[in-house]
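Notes for the structure review
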Amino acid sequence: MLGFFISTLDPVRILEGYPIGANGDRAFCSACRRELRAGHVATVTAYRFVETNQWDVSEVRCSICAPTHIEDPTPGAVEVLASGALKMGQPFGGESGRLHLTNIDIIGFEDAE
Ligand SMILES: [Zn+2]
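Structural notes, computed from the coordinates. (Residues numbered from 1 in each chain as written. Predicted model: local features only at pLDDT ≥ 70, side-chain atom pairs only at ≥ 80, totals over all residues.)

**Considerations on the environment of Glu79**
Our working definition: Secondary structure elements follow DSSP: runs of H or I of four or more residues count as helices, runs of E of two or more count as strands, with numbering from the N terminus. Whether a residue is buried, exposed or partly exposed is read from the other C-beta atoms within 10 Å of its own C-beta, which are placed from the backbone; 20 or more gives buried, 12 or fewer gives exposed, and intermediate counts give partly exposed.
The residue Glu79 is located in strand 5 (residues 77-89) in this model. Note on Glu79: 20 C-beta atoms within 10 Å, which makes it buried. Note: C-alpha distance between Glu79 and Pro11 (68 residues apart in sequence) is 9.4 Å.

**Quick look at the pairing of strand 4 (residues 56-61)**
As a reminder, the rule being used: In this scheme, strands are said to pair when DSSP sees at least two bridges between them.
Of the strand pairs in this sheet, strand 3 (residues 41-49) and strand 4 are connected by 5 bridges, and their pairing is antiparallel. Counted as the bridge partner of Tyr47 is Asp56 from strand 4. Hairpin connection between strand 3 and strand 4: a loop of 6 residues separates the two successive antiparallel strands.

**Considering the sheet that holds strand 5**
What counts is decided by this rule: Geometry is summarised by axes, namely lines fitted to C-alpha atoms with helices restricted to the contacting stretch, and by angles between N-to-C directions that run from 0 to 180 degrees.
The 4 strands are arranged 4-3-5-6 in an open sheet whose pairing can be described as antiparallel. Only two strands of the sheet have a single neighbouring strand rather than two, namely strand 4 and strand 6 (98-110). Each neighbouring strand pair of the sheet contributes to a mean axis angle of 30 degrees, computed without reference to strand direction. Bridge count between strand 3 and strand 5: 9 bridges; the pairing is antiparallel. Looking across to strand 5, one finds that Val44 is bridged to Ala82.

**Points about the nonpolar core**
Test applied: Think of a nonpolar core as buried Ala, Val, Leu, Ile, Met, Phe, Trp, Tyr and Cys residues chained together by C-beta atoms that fall within 7 Å. Contact between two residues is assigned when their C-beta atoms, built from the backbone, lie within 7 Å.
Membership of the largest hydrophobic core comes to 22 residues, with the highest contact counts inside it found for Ile20, Leu36, Ala42, Val44, Ala46 and Val60. If you list the elements that add at least two residues to this core, you get helix 2 (11-16), strand 3, strand 4, strand 5 and strand 6. Among the elements that take part in this core, strand 5 stands out by supplying 6 residues, more than any other. The contact partners of Ile20, leaving out residues within four places of it in the chain, are Ala27, Ala42, Val44, Val57, Val60, Leu86, Leu99, His100 and Leu101.

On their own, these measurements won't tell you what the molecule is for.
Printed below as a string of structure tokens:
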């Protein structure tokens with residue numbers, strides 16, 4: 001657990017720059033399909049396979065459907081469950097006008113098996 005927090009691949013920093021949703025100013029809950037926009041709270045599941053440095057977001061949930069723990073850990077991957085407020089911006093100064101998370105709280109963490 002400690003190694004996770006001192007990692008240079010700190011998931012909070014990764015997620016702060018990670019574009020959420022494919023449609024610019026909106027995303028959709030993976031469970032109920034509710035529309036999520038800037039100002040909404042979203043809970044995401046992010047994972048990284050141990051042999052890579054690449055984090056990916058596998059699920060976005062609204063506040064109603066948000067899981068409280070990682071339900072089905074992926075073998076061979078480090079997984080993080082995190083919530084935050086959606087905000088429009090330019091993640092990593094790259095793509096313009098994308099939603100991303102701010103004020104991120106890590107809710108759950110699964111180390112690779
Ligand atoms: Zn939902």
